[in-house]
Amino acid sequence: MKNSLIILLIALLPTASVVAQQTVQGRVEDIAGSSLPGVRVFVEGSPLFTLSDINGYFSLSGVPSGTRELTAYLYGYETLRYRLKEPVVSPILLRLNELEKELNELVIDGSSDEIFSMKTLRGVEGTSIYEAKKTEVIQLGEIVANKAANNARQIFSRIPGANVWESDCAGLQIGVATRGLSPNRNSNFNTRQNGYDIAADALGYPESYYSPAIQAVDRIEIVRGAASLQYGTQFGGLVNFVMKKGPTDRKLAVETEQTYNSLGFYNSFLSAGGQVGKLNYYAYNRTASGQCWRCNSAFNSTTTYGRMTYQLSASTSLEADYTHLYYLAQQPGGLTDNEFYADPRQSKRERNWFKVNWNLMSAQLNHSFTSTLRLNSRFFGLVAGREALGNLGRIDRPDDETQNRDFLSDAFRNFGNETRLIWNYKVGRQYSALLVGGRIYNGFTVRQQGWGPSGKEADFTYLNPEQLEGSDFDLPSFNTAAFAENIFTLTDKFSVTPGLRLEHIRTGANGYYRDTRTDLAGNVIYDSTVYEDKTNERTFLFGGIGLSLKPSPQLELYGNFSQNYRAINFNDIRVNNPSLSVDEDLTDETGYNVDIGARGVWGQLMSYDISGFYLGYNNRIGTVLRTEPDPRFNNLINRTFRYRTNIADAGIVGLESLVELNIHKLIAPAQDKWQLAFFNNLAIIRSEYLQSGEPGIEGNQVELVPRVSYRTGVTYRGGPLQLSVQYTYLSQQFSDASNADSTPPVPTAVEGIIPAYFVADFSARYALSKIYFESGINNLTNNMYFTRRAAGYPGPGIIPSDGRSFYFSVGIKL
């Protein structure tokens, strides 16, 4: 497969070289006619760019014939999109107005005439620096997919190495990761919405129980591990969901979309937005309810969101948003291996329920002191809770509805501020950029576990709230950080970007847990209440550096090194689960990410990003199988159990590549009535545990690392019709560090292989002036497969993915 990709690139090289190119020259000035130096003039969606000189003049070579637009961008000024005429007559004049729009808005257009569907973040975006980092931007307006179901498999199809966990049919919780990290609720990414944290607790419990409605998302920004310097310590990097804004040319625009899925659920989406004077607003409501593919999988969900931006002056704006999510879902539980292969739609749990109540809010100030000095300060908060009720016992044991159920509840109260200041300055003839910032974050979680009522209903009450049978903990966390990065532009083609981050973290736990053991008949043979009052405080400095070389306007060579850190937390380990025991002496995880790659375009024919990476992961936390004497048999017989601990240091190395090819530029380069685009996404990864104090671990593969991840697809656009077909393949992966296989299957089904699988999806869209229709088939070939083995909720055991389903949508835009 790797050789085929190389052959394809070589074969297309001479083809790309014959694409006609031209040089565009001109001058940039402000509205008063004064020259503007340092303006970035570029072709949208490609690395083609240049900077205007001290007198405002620029020359951009290598511009493909047929390019319809140039973009000019300078901090403190409105972004200008200049429509080119054919043939181009140079010099042209670009005139920029003082800034009247949001200062940190990305210059990314989701319109259908974009040359390539995937973008990368530029070196400086608003008050963030991305120079020399591996970045991706998923433009939702360019993707034809089942957005009504938040289908992550389709949405993240162009992200090399993405491993997606599929747990429900409506995308209530998106779970994705890369580079051998766990996809569990995006917990290895710093997950944000509009630039602020949306996880349960950024330090103590970085899982995201809330996923935005993809129909309301403008784009998804992804920055790999080097994001740690600006955004925090997660190994996976950053995922930022940027929500839509209201149109600036209308006071009111309304969109509604109604979707029915053959699995048995219904999705209703309604949005409104517009511009009234200096106020821009956008709001949406998404309601989803019904049944998923398996038995006992009913759900209902409501998400409401509102955002307002007020332009106080040409240099200052205020913005606020609020999100509310509520959902209640029945969870069908897991299956054993034999049960999955006999009938993956069956369910052995009809008493398991999950409830989420999520409230997010933020307010931010954007201010431009000058055209080269800008400030962003955002406050954010979370008031939320999640509750899980059901049977956490082994899936190979029957569930008796007369027995009490496990009830776990979390209440989250978090708030914080992140402030950034960026300065664009000139040394000699080169413009550089300095970013400094700080963060303060306070989190507080109340976690409780005890017996809930018997029966089948969603009754989230404790039987003994004053003395819980499991645990009752207050879990505070506190974090302050200071960070700085600087782009040193040494020549027109080469830059160096070093960065540092200073972190102070304090986590704590105050409460008790019950250590209760029973014999096989259920009689209590040991019962003890253990009280804890712990505080873990640490301060550390870590850094990184990036290098960027642009030998031509169509090619960038980049590389970066960044240290990473992931704090353990008491909130994550104090769960009484019969399938799992946790090491009392867990320590923080440390490591680093290295990227080196090449990205660029060949005219309008091809875009590519091909890179290699190495992830060094020390003190990696994972699970192993252990044995100990079983007190139920007077310690005469051993029991086997899963044990979570710092199991080993790990090394993960891989190749990630994404190639997009505009086939219509080969077939009929002169026409613009239809487009046919192909993408090829390949990741090849090798992983190994390098050293370990646990027996049988050293030399094993790291769990959740498929050696081959391959995705490909074709998209057609012609007039009102859009069609998309994509194919996904992931090779076999292990589910635990011991590399337990499935021959014979482990009775609990928590350990074992996740077999290789492939799945195909088809989507179509037909749009008229004010009405559109969407339809498609997910899992086109009706493959039976699964992406995860769960130790607790929503299992335990194998969680089957959905079989074939059909969907149909009708939308109206007013």
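The coordinates are above.
Residues numbered from 1 in each chain as written. Predicted model: local features only at pLDDT ≥ 70, side-chain atom pairs only at ≥ 80, totals over all residues. Heavy atoms only, no water.

Caption draft 1: Quick peek at the overall build of the protein chain. Secondary structure summary: the protein chain contains 6 helices and 44 strands in total. On C-alpha atoms alone, the protein chain measures out to a radius of gyration of 27 Å, which is about the 28 Å that the 2.2 N^0.38 rule sets for 814 residues. Dimensions of the protein chain, computed from the C-alpha atoms along their principal axes, are close to 90 × 55 × 50 Å. Here the protein chain, with 814 residues, has 60% of them falling under the buried criterion. Of the contacts formed within the protein chain by residues at least 6 apart in sequence, a portion of 68% connects residues at least 24 apart. Surface exposure of the protein chain reaches about 30,700 Å², of which carbon and sulfur atoms provide 57%. Between the centroid of the 76 positive side chains of the protein chain and the centroid of its 82 negative side chains there is a distance of 6 Å. (Helix = DSSP H or I, 4+ residues; strand = E, 2+ residues; numbered from the N terminus. Rg over C-alpha atoms; globule rule 2.2 N^0.38 Å. Buried < 20%, exposed > 50% of the residue type's maximum accessible area, 1.4 Å probe, protein only. Contact = heavy atoms within 4.5 Å. Areas by Shrake-Rupley, 256 points an atom, 1.4 Å probe, with all protein chains shown as cover. Lys, Arg positive; Asp, Glu negative; His and termini not counted. Charge placed at Lys NZ, Arg CZ, Asp CG, Glu CD.)

Caption draft 2: Examining the state of the cysteines more closely. If you walk through the whole model with that rule in mind, you get 1 disulfide. Disulfide pairing places Cys 169 opposite Cys 292 at an S-S distance of 2.0 Å. Residues Cys 169 and Cys 292 share a disulfide whose torsion about the S-S bond is about -75°; that sign makes it left-handed. Here Cys 292 lies in the loop between β20 (279-291) and β21 (298-311) and Cys 169 lies in the loop between β12 (163-165) and β13 (175-177), a separation of 123 residues in the sequence. In this structure, Cys 169 and Cys 292 share a single accessibility class: buried. (Disulfide = S-S within 2.5 Å.)

Caption draft 3: How the structure looks around a nonpolar patch on the surface. On the surface, Tyr 766, Leu 768, Phe 773 and Phe 808 cluster together to form a nonpolar patch covering roughly 370 Å² of accessible area. Mapped onto the secondary structure, Phe 808 falls in strand β44 (residues 805-813). For Phe 808, a relative accessible area of 43% translates into the label partly exposed. (Patch = residues over 30% accessible without salt bridge, like charges linked within 9 Å, V, L, I, M, F, W, Y side chains within 5 Å. Salt bridge = Lys/Arg side-chain N within 4 Å of Asp/Glu carboxyl O.)

Caption draft 4: Just the sheet that holds strand β3 (residues 49-51), in detail. As summarised here, the arrangement of the 4 strands in space is β3-β2-β5-β6, forming an open sheet in which the pairing is antiparallel. The sheet is open, and its two edges are formed by β3 and β6 (80-83), each paired on a single side. Mean inter-strand twist for the sheet, computed between neighbouring axes without regard to direction, equals 20°. Taken together, the 3 bridges between strand β2 (residues 40-42) and β3 define a ladder with antiparallel strand orientation. By the bridge assignment for β3, Phe 42 is matched with Phe 49. (Pairing = 2+ DSSP bridges. Axes fitted to C-alpha atoms, helices over the stretch in contact; angles between N-to-C directions.)

Caption draft 5: Structural detail: the pairing of strand β11 (residues 135-139). In terms of residue burial, β11 counts as a mostly covered element, since 5 of its 5 residues are buried. By the alternation rule, side chains of β11 split into Thr 135, Val 137 and Gln 139 and Glu 136 and Ile 138, which are all buried. The pairing of strand β8 (residues 118-119) with β11 spans 2 bridges and is classified as antiparallel. By the bridge assignment for β11, Met 118 is matched with Ile 138. Judged from the 5 bridges that link them, β11 and strand β16 (residues 217-223) form a sheet pairing that is antiparallel. Its bridge partner lying in β16, Ile 138 is registered against Ile 220.

Caption draft 6: Up close: the sheet that holds strand β14 (residues 190-193). The strand order across the open sheet formed by 6 strands is β8-β11-β16-β17-β14-β15, and the pairing between neighbours is mixed. Of all the strands in the sheet, the pair left with one neighbour each is β8 and β15 (196-197).

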